[in-house]
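For reference, the chains in residue letters:
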Amino acid sequence: MQQIGPPARPEGVTTSFDEFVEDRLDGLLRYATVLTDDPHLAQDIVQEVLLRAQQHWAKIDSPPTYVRRMVTNEYLSWRRRAVRRVVPSSHEVLDALSPPEADPSAAYDARDEMLALLATLPRKQRAAIVLRYYEGYSDAEIGEVLRCGASTVRSQISRALATLRTCVRPLPTVLTTGAGE
Amino acid sequence: MNQLSEHETETLLREGLDRLAERAPDGHEVRNALVRARQTRRRGRPRLALAAVAAAVIAVTAGVPIVLHAVPGEQVTAAAGRPVASFTPGWLPDGFTEQYRSSGPGITPQVRRWFAGPGRITLSAYSTADPDWSQTALRIAALKDQVVVGGRVGMVTGDTGTAALLTWMADDRHVLTVAVEAVPGARAVAQDVAESVTTDDPVRVRGEARFGPLPGGLREFSTTVQGDSPGDGSTALDASADTAPRVAALHATVGAGSPGLGGTTPIPVRGGTGAYRAPAGPLEGMVAVQLPSGHWLTVSGRQPQDELVAVANAVVLDPAPEYGWLGTD
């Protein structure tokens, strides 16, 4: 399972808010970026969630689980109420958010095609896919985050994979450069 | 269109998601927001107990080094051509907008300045490797008017009610000052600003030009961006001798303002026609040329005409200066 942040402290061990942020913030931002496909939105969501969590930290039983679920929920509701904010991945958007140095990983290939297609999935399907293939969660764990049963999770992932499998071209043997060229 | 195998799909998904994760923002802004939120809440509470202040002062005056709490976050080292200002206040009085940033490589001071009407707040960071600032800890310890900033002892000088200068050691390598001018309650404002300073949100100083090759014995000293709005931005570059004393000896500016061209003679500069004014008395020699953008490039110094022209020709223009922060809080 992919960890959000380094495994510095086992789950269940009480950490201060500062320790949590120190250990987990980078991982949360990566998770939120993968979830939202928008680094700006990811930052907004993580910031919003942590600001809220900071205020009642002592009452939170399992901070990693709680915060991850809050980020996911915030993404789902944020997308509903702020569609105008959603900026799909594009070379222009990502370049604007990236350091000025040339990024050799920016070449456009089937992985980008996969990401573009992923952006068109219904939000719950996308969240389930991210939790499975980025976080490495089991069906039960995904169901816990999305507040649905494991069978529903399997159904969501199955439908998402079916869409992705039929629409993405097989892995190319030669990478082509993208719009930035 | 061929259908991917399940394995191919999952591989592409994992690799694509990992690639997307690399685009995640760094945590600076979030950390800064969390610090600001905490400070906002703390601001409503009583200030640091006087007893604690007194204890800290006693410890220092007795010659006992104390470090109760260093400024958190990473230190950002300025690189030549890409300077940063590492220190940022989390709080400023209402109405102040940032209009000046200056930084450079090595021990170049990092300066940021905010204005509100006649009021001015300047945050400066100096290196203890700079001989001018290497003895600051001793000076602070010797002064009676001490304050505690982030757990470290500082000093207040020049307190006139509407002006004050607060100096403290943010860590072992940096001396920080907050200068407040033309602001009522300047001392308290300076202390509040100082207490909110972190290194969580370093900013770049990226102007519209940087030096190319410089005459022998000179090297880039600082880059300064200033203006009261993005449309009003200008860039100033200074070069100094590469050995002490690091006194600025060559200057370049790029901005909308036209330099005075009285007493100049036309010369070829950057493939066009520029102007040259010979040094006279206190006036340095100057080469000026209008750029395709309409902005003026001016290079001045005591160097011979051909060196000034060579510097002007070598100045590298940046098509994407960062002026967006000018005039914002």
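Residues numbered from 1 in each chain as written. Chains lettered and ligands numbered in written order. Predicted model: local features only at pLDDT ≥ 70, side-chain atom pairs only at ≥ 80, totals over all residues.

Okay, the overall build of chain A next. Helix and strand content of chain A: 8 helices and 0 strands. Going from N to C terminus, chain A has its helices and strands arranged as α-α-α-α-α-α-α-α. Put simply, chain A has 181 residues, and 36% of those count as buried. For chain A, the share of sequence-separated contacts (at least 6 apart) that also reach a separation of at least 24 residues comes to 67%. (Helix = DSSP H or I, 4+ residues; strand = E, 2+ residues; numbered from the N terminus. Buried ≥ 20, exposed ≤ 12 C-beta atoms within 10 Å, placed from the backbone. Contact = placed C-beta atoms within 7 Å.)

Turning our attention to the interface of chain B and chain A. Facing 27 residues of chain B, the contacting portion of chain A comprises 35 residues. Among the elements of the structure, helix H1 (6-21) and helix H2 (28-43) of chain B are those that each provide at least two residues to the side of chain B that touches chain A. Take the side of chain B that touches chain A: its biggest share by element is 12 residues, from H1 of chain B. Residues belonging to the side of chain B that touches chain A are distributed by class as follows: 13 nonpolar, 5 polar and 9 charged. (Nonpolar A, V, L, I, M, F, W, Y, C, P; charged D, E, K, R; others polar.)

Looking now at the confidence of the model for chain A. Low-pLDDT portions of the prediction should not be read for the details of their coordinates. Residue and element names in this part refer to chain A. With 66% of its residues at a pLDDT of at least 70, chain A reaches an overall mean of 72. By mean pLDDT, the top-scoring element of chain A is helix H6 (residues 123-133) (92), and the lowest-scoring one is helix H4 (residues 91-97) (39). Below pLDDT 50 for its whole length, residues 1-13 participates in 24 contacts with residues either more than four positions away or in separate chains. Every residue in residues 171-181 scores below 50 in pLDDT, and together they form 18 contacts with partners more than four places removed in sequence or on other chains. (pLDDT = per-residue confidence, 0-100.)

What follows is about the packing of helix H5 (residues 110-118) of chain A against H1 of chain B. For the pair H5 of chain A and H1 of chain B, the least separation of the axes is 8 Å and the interaxial angle reads 85°. Classified by the interaxial angle, the pair formed by H5 of chain A and H1 of chain B is roughly perpendicular. In this structure, H5 of chain A uses Ala110, Arg111, Met114 and Leu115 of chain A to contact H1 of chain B, whose residues at the interface are Leu12, Leu13, Glu15, Gly16, Arg19 and Leu20 of chain B. Considered class by class, the residues forming the contact of H5 of chain A with H1 of chain B number 6 nonpolar, 1 polar and 3 charged. (Axes fitted to C-alpha atoms, helices over the stretch in contact; angles between N-to-C directions. Parallel < 35°, antiparallel > 145°, perpendicular 65-115°, else oblique.)

Judged by nonpolar contacts, the single largest core of 45 residues is most densely connected at Ala32, Val46, Val71 and Val130 of chain A. Sorting elements by how many residues they give to this core places helix H1 (residues 17-36) of chain A first, with 9 residues. Counting 38 residues, the second-largest nonpolar core is a separate cluster that includes Phe87, Tyr126, Val178 and Val193 of chain B. (Core = buried A, V, L, I, M, F, W, Y, C linked by C-beta atoms within 7 Å.)

Next up on the list: the environment of Asn313 of chain B. Residue and element names in this part refer to chain B. By the secondary structure assignment, Asn313 is in helix H6 (residues 305-314). For the pair Asn313 and Val269, spaced 44 residues apart in sequence, the C-alpha separation works out to 6.3 Å. Setting aside residues no more than four positions away along its own chain, Asn313 makes contact with Val269 and Arg270.

Within a regular strand, the side chains alternate between the two sheet faces. Residue and element names in this part refer to chain B. Pairing of strand S3 (residues 97-103) with strand S13 (residues 218-226) involves 4 bridges; the strand directions are antiparallel. Pairing of Tyr100 across the sheet is with Gln226, part of S13. Of the strand pairs in this sheet, S13 and strand S14 (residues 234-241) are connected by 8 bridges, and their pairing is antiparallel. Bridge pairing in S14 places Arg219 opposite Ser240. (Pairing = 2+ DSSP bridges.)

Scored by pLDDT, chain B comes out at a mean of 82, with 84% of its residues at no less than 70. Interface scoring of the predicted complex returns ipTM 0.73; its pTM is 0.51.

This part takes up H6 of chain A. Burial of H6 of chain A is extensive: 9 of the 11 residues sit out of reach of the surface. Within H6 of chain A, burial applies to Gln125, Arg126, Ala127, Ala128, Ile129, Val130, Leu131, Arg132 and Tyr133 of chain A.

In this structure, Asp37 of chain A takes a positive phi of about 65° despite not being glycine. Position of Asp37 of chain A among the secondary structure elements: in the loop between H1 and helix H2 (39-55). The backbone of Arg270 of chain B shows a phi angle near 50°, a positive value even though the residue is not glycine. Inspection of the secondary structure assignment puts Arg270 of chain B in the loop between strand S16 (265-269) and strand S17 (272-277).

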